[in-house]
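Breakdown of the fold
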Amino acid sequence: MEVSDDPRSRGPEEAHLPCVSHVKSSSYSAVQQQRYSASVFLRRKDMQEKSQQKCIAIFALLCCFAVLVALIFSSVDFWGDNEDGITEENCSRDCRIKLVENIPEDLFLPMNGRPHLPLSAGLHTLLDQAKHSVEVVSPVWALNPRDLETTPSNGKQGQLLFQRLLSLKSRGVKLKIASSLTNSAELKTLAAHKAEVHFVNMTALTRGGLHSSFWIVDRKHIYIGSADMDWRSLSKRKELGVVVFNCSCLALDLHRVFSFYWQLHERDYIPSIWSKRVTALYGRHDALELQLNSSQATAYLSTSPVVFCTKDRTRDVDAIYQVIQSAKSFIFISVTDYLPLVNRSIRGTPVTRYWSPIDEMIREAVVLRGIRVRLLISFWKKTHPLTFNFVTSLKSLCMQLLNCSIEVRFFSHKEQSEDIQHGLNHNKYMVTDNAVYIGNHDWVGSDFAINAGVGLVVKMRKSLQDREVTILDHAKAAFERDWRSRYAKSLQGNKDQQGKYRNLQQAKIHMETKEENEWNNPLSL
C-alpha cells in the first residue's frame, strides 16, 4: 500500500504538525527580529548619546575658547604690526644722550668745567622735537604753584612748561598722560585741551604709588630721571636725569612700558594675559647694542614692582644687582632716602619687615670684592631715624679690614628751613667705573616692593682709558661735585652736628602714627 502525501490522508495530529512547526518557527523569528531591532535601537541610541556628548564637549570647548578670546580682547588692546612704522629691525641705534640737572639758584656747586644741560632746557628741547606724540608718566602734576609764598621766578619754569603742553594740540601733536592722580586740576585742564589721560589705580593694584617719571616723544626721544611734573623740580629741588635723542629702539621699548600703564586704565586688577606689544624688547641678558654720542654701549630698561614686569622685562632690583656686580673699582650712589625696610599698613596696623637685597649687594661688593663705595643720602625732615642705624652698620664693615672702603655722607642744604623741598637732593642714580643706573625710586624697600618705577641702565663697551668722555664721566663728575661740596656732611662731624642728628633721631622715634603712614606712602615728595 502506498502512503499518500496528501495531508488529508494523514491523521488529525499528523495533519497539524507542520502548522505548529511553522508557528514556532515564525514566533522564534519574530523574537529574533525583535531582539535584533532592540539591539539596533540600543546601539543607535548609544551612538546618539555619544554623539550628543561629543557635541556638548565641542560646544563647551568652543565656549571656553570664546570666553578666553573675550578675556584677551577685554584685557589687552592690540596695535598694528608696525607701531607707527617703527620696528625692532628698522629702529635707530645711533643715539645722542645728555645728562640734565636742575640745581637751585642758591645752591652753590662748582661745575668743574663740565656744565650739564638744565632740566627745563632739556624738556623744552624734547617738546621742540615733537611732531606726532608726547607720552608722559609722572607721580605729581603741580606745574603751576599755588602757595602765596612762591616768588614769580620760582614758578616761572613750571608755568611755561605747562603752557607748552597745553599748546601741543594746536600743533597737531597728541598728548597722552598716565597718572595715579584722581583729582588733579592740571590734568583736568589738559584733558579739556584734548589731552588723553588714563588713570592707574595703584591703591587697588599694589597698595602702593606711581613713582614712574619719564617722557616719550615721537617714539624717538626720551627722558628718564628724578624730576616730577612739579614746579619744584624745575626750581627748588636738585634733580638729575637723562634725555636721549634719535634713539627709536630704546624709545620703542619705553613706549611698551607706557602701553602697560595705559592699559591699566581704571582697572582694579592686573590681567594675566597681555599682548606681545608690552613684552620687553631688551633686558639685562640681551641688552640693546647702540652708539651713544661717539661711544659703543649697551642699554636696557627695568621696572618695578614685580607684578608690573611683563615678559622678558628686567626688575629694577636685578638691574641694580647687575650694575653693582659688574663694577671693578668703585660704586657711587646718590639717593634721597636709603632704608632696607618695607613698611605696610595691614588693616590699619603698621607692619615693618627687613628688605635685604640691595643692602646685601653693597656688603658683598665692599667686603668680598674690595669695591670702593660712596653713598650720598639726603638729610631732611622726612629722613627715617633707622637710616642712621643702617648706614652705621654698613660703615662698621670695614673696621680692621684692609682694602675695604665704604663712606656715607648726608646732603643737607638748609636744615632749619621750614620748606622741606628747598634745596633737597632728589637724585636717584648710581654710577660705577663701567655703568650707570638712573631710576625713579629711592633705595627704600617699600618703593621696589609696591611702588611703580622705571630705571635705565647704560653700560660702556670700552674701558675707562680707551674711550672718550661719556655719560658715565658726566654722572661721575656730578656725584664727585656733590660729594665734595659744603652740603655733604659725614656722621663723624663736629659735636654740634652729631647732636642735631641725635636730636632728630630721638624726635622721629616718637612720631605719631599719622606721620608714620605718610612715610609708608611717600607720594608727597
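Residues numbered from 1 in each chain as written. Predicted model: local features only at pLDDT ≥ 70, side-chain atom pairs only at ≥ 80, totals over all residues. Heavy atoms only, no water.

This part is about the overall build of the protein chain. In terms of regular secondary structure, the protein chain is built from 13 helices and 24 strands. Put simply, the protein chain has 525 residues, and 51% of those count as buried. For the protein chain, the proportion of contacts with a sequence separation of at least 24, taken over those separated by at least 6, is 77%. Only carbon and sulfur atoms are counted for the fraction: they give 53% of the accessible area of the protein chain, which is about 26200 Å². (Helix = DSSP H or I, 4+ residues; strand = E, 2+ residues; numbered from the N terminus. Buried < 20%, exposed > 50% of the residue type's maximum accessible area, 1.4 Å probe, protein only. Contact = heavy atoms within 4.5 Å. Areas by Shrake-Rupley, 256 points an atom, 1.4 Å probe, with all protein chains shown as cover.)

Next up on the list: the pairing of strand 11 (residues 288–292). Only one face of strand 11 is buried: it carries Leu-288, Leu-290 and Leu-292, and the other face, with Glu-289 and Gln-291, is open. Hairpin connection between strand 11 and strand 12 (residues 295–304): a loop of 2 residues separates the two successive antiparallel strands, and Asn-293 in this loop has a positive phi of roughly 60 degrees. (Pairing = 2+ DSSP bridges.)

We now examine the packing of helix 7 (residues 316–326) against helix 8 (residues 357–367). Packed helices, taken two at a time, are described by the angle their axes make and the gap between the axes. Following both chains from N to C, one finds helix 7 and helix 8 inclined at 5 degrees, their axes separated by 10 Å at the closest point. In terms of their interaxial angle, helix 7 and helix 8 are classed as roughly parallel. Along the contact surface, helix 7 presents Val-317, Ile-320, Tyr-321, Ile-324 and Gln-325, while helix 8 presents Pro-357, Ile-358, Met-361, Glu-364 and Ala-365. Each residue belonging to the contact of helix 7 with helix 8 can be placed in one class, and the counts come to 8 nonpolar, 1 polar and 1 charged. (Axes fitted to C-alpha atoms, helices over the stretch in contact; angles between N-to-C directions. Parallel < 35°, antiparallel > 145°, perpendicular 65-115°, else oblique. Nonpolar A, V, L, I, M, F, W, Y, C, P; charged D, E, K, R; others polar.)

Here the structure, examined in full by the defined rule, presents 3 disulfides. The disulfide partner of Cys-91 is Cys-249, and the gap between their sulfur atoms is 1.8 Å. In this structure the cystine formed by Cys-91 and Cys-249 twists about its S-S bond by roughly 85 degrees; its chirality is therefore right-handed. Of the two residues, Cys-91 sits in the loop between helix 1 (12–75) and strand 1 (94–102) while Cys-249 sits in helix 6 (residues 248–263), which places them 158 residues apart along the sequence. The pair formed by Cys-91 and Cys-249 is uniform in burial state, with each residue classed as buried. One disulfide bridge connects Cys-95 with Cys-247, the sulfur atoms lying 2.2 Å from each other. Between Cys-95 and Cys-247 the disulfide shows an S-S torsion of about 60 degrees. By sign, it is right-handed. Within this pair, whereas Cys-95 is found in strand 1, its partner Cys-247 is found in the loop between strand 10 (239–245) and helix 6, the two being separated by 152 residues in sequence. Judged by relative accessible area, which is 1%, Cys-247 ranks as buried. Disulfides within the protein chain link the bonded cysteines, taken in sequence order, as 1-4, 2-3, 5-6. (Disulfide = S-S within 2.5 Å.)

All right, on to the packing of aromatic side chains then. For any pair of aromatic rings, the description consists of the separation of the ring centres together with the inter-plane angle of the planes. Under the criterion given, the structure shown has 15 aromatic pairs. Here the aromatic rings of Phe-330 and Phe-332 are separated by 4.5 Å at their centres, their planes lie at 35 degrees, and the arrangement is tilted. Given the relative accessible area of 0%, Phe-332 is considered buried. An aromatic cluster is present here, built from Phe-214, Phe-260, Tyr-261, Trp-274 and Phe-308 joined pairwise through their rings. (Phe/Tyr/Trp six-rings, centres within 6.5 Å; stacked < 30°, edge-to-face > 60°.)

A cis amide bond links Ser-304 with the next residue in sequence, Pro-305, at an omega value of -5 degrees. By secondary structure assignment, the location of Pro-305 is in the loop between strand 12 and strand 13 (314–315). Even without a glycine there, the phi angle at Asp-218 is positive, about 55 degrees. With phi around 50 degrees, Asn-246 is a residue other than glycine that occupies positive phi space. Counting through the fold element by element, Asn-246 comes out in the loop between strand 10 and helix 6.

One finds Phe-214, Tyr-261, Tyr-338, Ile-362 and Trp-443 to be the most contacted residues of the largest nonpolar core, which totals 101 residues. Here this core gets 10 residues from one element, more than from any other, and that element is helix 6. Each residue touching Tyr-338, except ones within four places of it in the same chain, is listed here: Ile-358, Asp-359, Ile-362, Leu-375, Ile-377, Thr-387, Val-391, Leu-394 and Trp-443. In terms of nonpolar packing, the next biggest core, distinct from the first, is built from 29 residues, Leu-126, Trp-141, Ile-177 and Leu-234 among them. (Core = buried A, V, L, I, M, F, W, Y, C linked by side-chain atoms within 4.5 Å.)

In this section: a negative patch on the surface. Taken together, Glu-88, Glu-89, Asp-286 and Asp-312 make up a surface patch of like negative charges. With respect to the helices and strands, Glu-88 occurs in the loop between helix 1 and strand 1. Using a relative accessible area of 33% as the deciding quantity, one classes Glu-88 as partly exposed. (Patch = residues over 30% accessible without salt bridge, like charges linked within 9 Å, V, L, I, M, F, W, Y side chains within 5 Å. Salt bridge = Lys/Arg side-chain N within 4 Å of Asp/Glu carboxyl O. Lys, Arg positive; Asp, Glu negative; His and termini not counted. Charge placed at Lys NZ, Arg CZ, Asp CG, Glu CD.)

Just geometry here; none of it tells us what the structure is for.
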